[in-house]
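Residue-level listing of the chains:
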Amino acid sequence: MEALNIRPAERRDCSAIVSLIRELALYEDMLDQAKVTTEDLERDGFDSTPPYFQCLVAEVPKGEVIGAENKELDIVQNESDVQKCEVIGYALYFHKYSTWVGKVLHLEDFYVTPAYRANGVGTKLLRQLAKACTLEPRG
């Protein structure tokens with residue numbers, strides 16, 4: 001059975017996120033401008049207080065491709081299942097402040113690898129991002 005898990009990114013995801021960033025940059029014909037490294041993401045997202053960015057990842061069990069005929073995807077809850085998953089999309093965002101409107105969330109990147117598009121992955125990722133934004137305390 002195919003499964004989709006949307007969760008906050010962890011340090012162990014940084015390499016996969018960098019790969020997806022490069023995939024997006026290649027699509028945009030801007031690969032030469034994608035300079036961020038795994039180490040940059042680890043430092044800026046996990047070693048900094050507060051972190052410079054936050055990120056959600058979408059993942060599925062390794063080797064599975066979601067077919068267009070599937071209407072709904074199960075959510076993976078078992079930690080052992082998460083260890084066997086691959087990251088197929090991400091939403092990288094950060095908070096900033098506007099003198100005109102106050103608190104603002106800036107969505108820097110939103111990407112789902114092409115093989116998993118048109119199956120609701122992006123929609124579920126965006127819905128989870130909306131939930132995360134409304135639940136996050138800002139001090």
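Conventions we followed
- Residues numbered from 1 in each chain as written.
- Predicted model: local features only at pLDDT ≥ 70, side-chain atom pairs only at ≥ 80, totals over all residues.
- Heavy atoms only, no water.
- Helix = DSSP H or I, 4+ residues; strand = E, 2+ residues; numbered from the N terminus.
- Buried < 20%, exposed > 50% of the residue type's maximum accessible area, 1.4 Å probe, protein only.
- Contact = heavy atoms within 4.5 Å.
- Lys, Arg positive; Asp, Glu negative; His and termini not counted.
- Salt bridge = Lys/Arg side-chain N within 4 Å of Asp/Glu carboxyl O.
- Polar contact = N/O pair within 3.5 Å; in protein donor to acceptor, adjacent residues only side chain to side chain.
- pLDDT = per-residue confidence, 0-100.
- Phe/Tyr/Trp six-rings, centres within 6.5 Å; stacked < 30°, edge-to-face > 60°.

1. Focus: the overall build of the protein
Part 1: Within the protein, the secondary structure is distributed over 4 helices and 5 strands.
Part 2: Across the protein, helices and strands are ordered from the amino to the carboxyl terminus as β-α-α-β-β-α-β-β-α.
Part 3: Counting across all 139 residues of the protein, residues that qualify as buried make up 37%.
Part 4: Contacts spanning at least 24 positions in sequence make up 69% of the contacts within the protein whose residues lie at least 6 apart.

2. Topic: the side chain of D109
Part 1: Tracing the backbone through its elements, the reader meets D109 in strand 5 (residues 102-112).
Part 2: R22 provides the closest opposite charge to the buried, salt-bridge-free D109, at an N-O distance of 11 Å.
Part 3: Here the side chain of D109 touches Y90 through a polar contact of 2.7 Å, side chain to side chain.
Part 4: In this view, D109 contacts I21, L24, Y90, A91 and L92; residues no more than four positions away in its chain are not counted.

3. Some remarks on the confidence of the model for the protein
Part 1: Residue-level pLDDT values for the protein average 84, and 80% of them are 70 or greater.
Part 2: No element of the protein has a lower mean pLDDT than strand 3 (residues 74-75), which averages 44, and none a higher one than helix 2 (residues 38-47), which averages 98.
Part 3: The model gives residues 68-82 a pLDDT under 50, and that stretch makes 25 contacts with residues more than four places away or in other chains.

4. Here's the deal with the packing of aromatic side chains
Part 1: The final tally for this structure, using the stated rule, is 1 aromatic pair.
Part 2: For the ring pair Y90 and Y111, a centre distance of 6.5 Å and an interplane angle of 50 degrees mean the geometry is tilted. Separated by 21 residues along the polypeptide, Y90 in strand 4 (residues 85-98) and Y111 in strand 5 bring together distant segments of the chain. Y111 shares its class with Y90; the two are buried.

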